[in-house]
Amino acid sequence: MNSNDLDHDKHAQAEAERAEREQSAASGDPRVNRYRLIVRALKQPLQPQLPADFAARVVAAIEQREHGDGLEDWMVVLLLFAMGVGGLLFVGPTLANIAHSMVSISLPPLPWNQLVMAALCIGIVWAIDSGWMRMRPGSRRL
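Given the structure is predicted, the values throughout are model-derived calculations rather than measurements. (Residues numbered from 1 in each chain as written. Predicted model: local features only at pLDDT ≥ 70, side-chain atom pairs only at ≥ 80, totals over all residues. Heavy atoms only, no water.)

**Some remarks on the overall build of the protein chain**
- Summing up its helical and strand segments, the protein chain has 5 helices and 0 strands in all.
- For the protein chain, the N- to C-terminal ordering of α and β elements is α-α-α-α-α.
- The buried share among the 142 residues of the protein chain stands at 8%. (Helix = DSSP H or I, 4+ residues; strand = E, 2+ residues; numbered from the N terminus. Buried < 20%, exposed > 50% of the residue type's maximum accessible area, 1.4 Å probe, protein only.)

**Notes on the pattern of salt bridges**
- In total, this model carries 6 salt bridges according to the counting rule given.
- Across the salt bridge formed by Asp9 and Arg31, the nearest N and O atoms sit 3.1 Å from each other. Taken together, the residues span a long stretch of sequence, with Asp9 in helix α1 (residues 3-22) and Arg31 in helix α2 (residues 30-43) at a distance of 22 residues.
- Measuring nitrogen to oxygen at the nearest pair gives 3.1 Å for the salt bridge that ties Glu20 to Arg36. With Glu20 in helix α1 and Arg36 in helix α2, this residue pair connects regions lying 16 residues apart in the sequence. Here Glu20 matches Arg36 in class, with each residue buried. (Salt bridge = Lys/Arg side-chain N within 4 Å of Asp/Glu carboxyl O.)

**With respect to the packing of α1 against α2**
- It is the contact of α1 with α2, at a shortest axis distance of 8 Å, that shows an interaxial angle of 55 degrees. When the interaxial angle is binned, α1 and α2 end up oblique. Where α1 crosses over α2, the two elements pack in a sense that is right-handed. Of the residues in α2, those in contact with Asp5, His8, Asp9, Ala12, Gln13, Glu15, Ala16, Glu17, Ala19 and Glu20 of α1 are Arg31, Val32, Tyr35, Arg36, Val39, Arg40 and Lys43.
- Within the contact of α1 with α2, the residues separate by chemical class into 6 nonpolar, 2 polar and 9 charged. (Axes fitted to C-alpha atoms, helices over the stretch in contact; angles between N-to-C directions. Parallel < 35°, antiparallel > 145°, perpendicular 65-115°, else oblique. Left-handed = near helix turned anticlockwise from the far one by under 90°. Contact = heavy atoms within 4.5 Å. Nonpolar A, V, L, I, M, F, W, Y, C, P; charged D, E, K, R; others polar.)

**Re the layout of surface pockets**
- Its boundaries defined by the atoms lining it, the largest pocket holds a volume of some 330 Å³.
- Taken together, Phe81, Val85, Leu88, Leu89, Gly92, Leu95, Leu110, Trp112, Leu115, Val116 and Ala119 make up the full set of residues lining the largest pocket.
- Sorting the residues of the lining of the largest pocket by element identifies α4 (71-102) and α5 (112-135) as the ones contributing at least two each.
- Considering every element that reaches the lining of the largest pocket, the biggest residue donor is α4, with 6 residues.
- A class-by-class count of the residues in the lining of the largest pocket yields 10 nonpolar, 1 polar and no charged.
- The volume enclosed by the second largest pocket comes to roughly 160 Å³. (1 Å grid on protein atoms, 1.4 Å probe; cavity = no way out; pocket = protein on both sides within 12 Å on 5 of 7 lines; lining within 4 Å. Points joined across faces, edges and corners; volume = space filled by probe spheres on them.)

This is the structure:
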């Protein structure tokens with residue numbers, strides 16, 4: 001843009017502001033009419049406006065999410081656990097057959113009671129740790 005174009009734009013903007021202030025009819029210059037639309041849009045309030053307590057709502061939602069006490073979190077954990085167990089039950093025999101065909105020795109039978117008790121112990125320790133962290137949020141995990 002050269003200086004003539006800039007001067008013409010400044011003149012058109014000033015003319016549009018004056019015409020909007022005086023509520024005069026549309027002019028013959030299309031640049032002035034376009035600038036009038038811009039001036040009119042800038043005078044209108046923004047839509048939609050945020051509620052007065054928007055920041056407090058966001059902070060409350062973040063704090064609630066950080067605590068993770070929701071039913072959805074427990075449901076996700078249970079579903080992931082069920083999917084893991086189901087996947088192991090589904091793929092286990094196939095993996096055992098593949099391992100048996102790859103290794104000439106037979107696989108020993110699994111001690112299911114010990115595996116279940118180990119999983120139960122891990123779950124209890126995890127629950128105690130989660131409860132401890134909720135009671136003492138400032139403490140660190142090792």
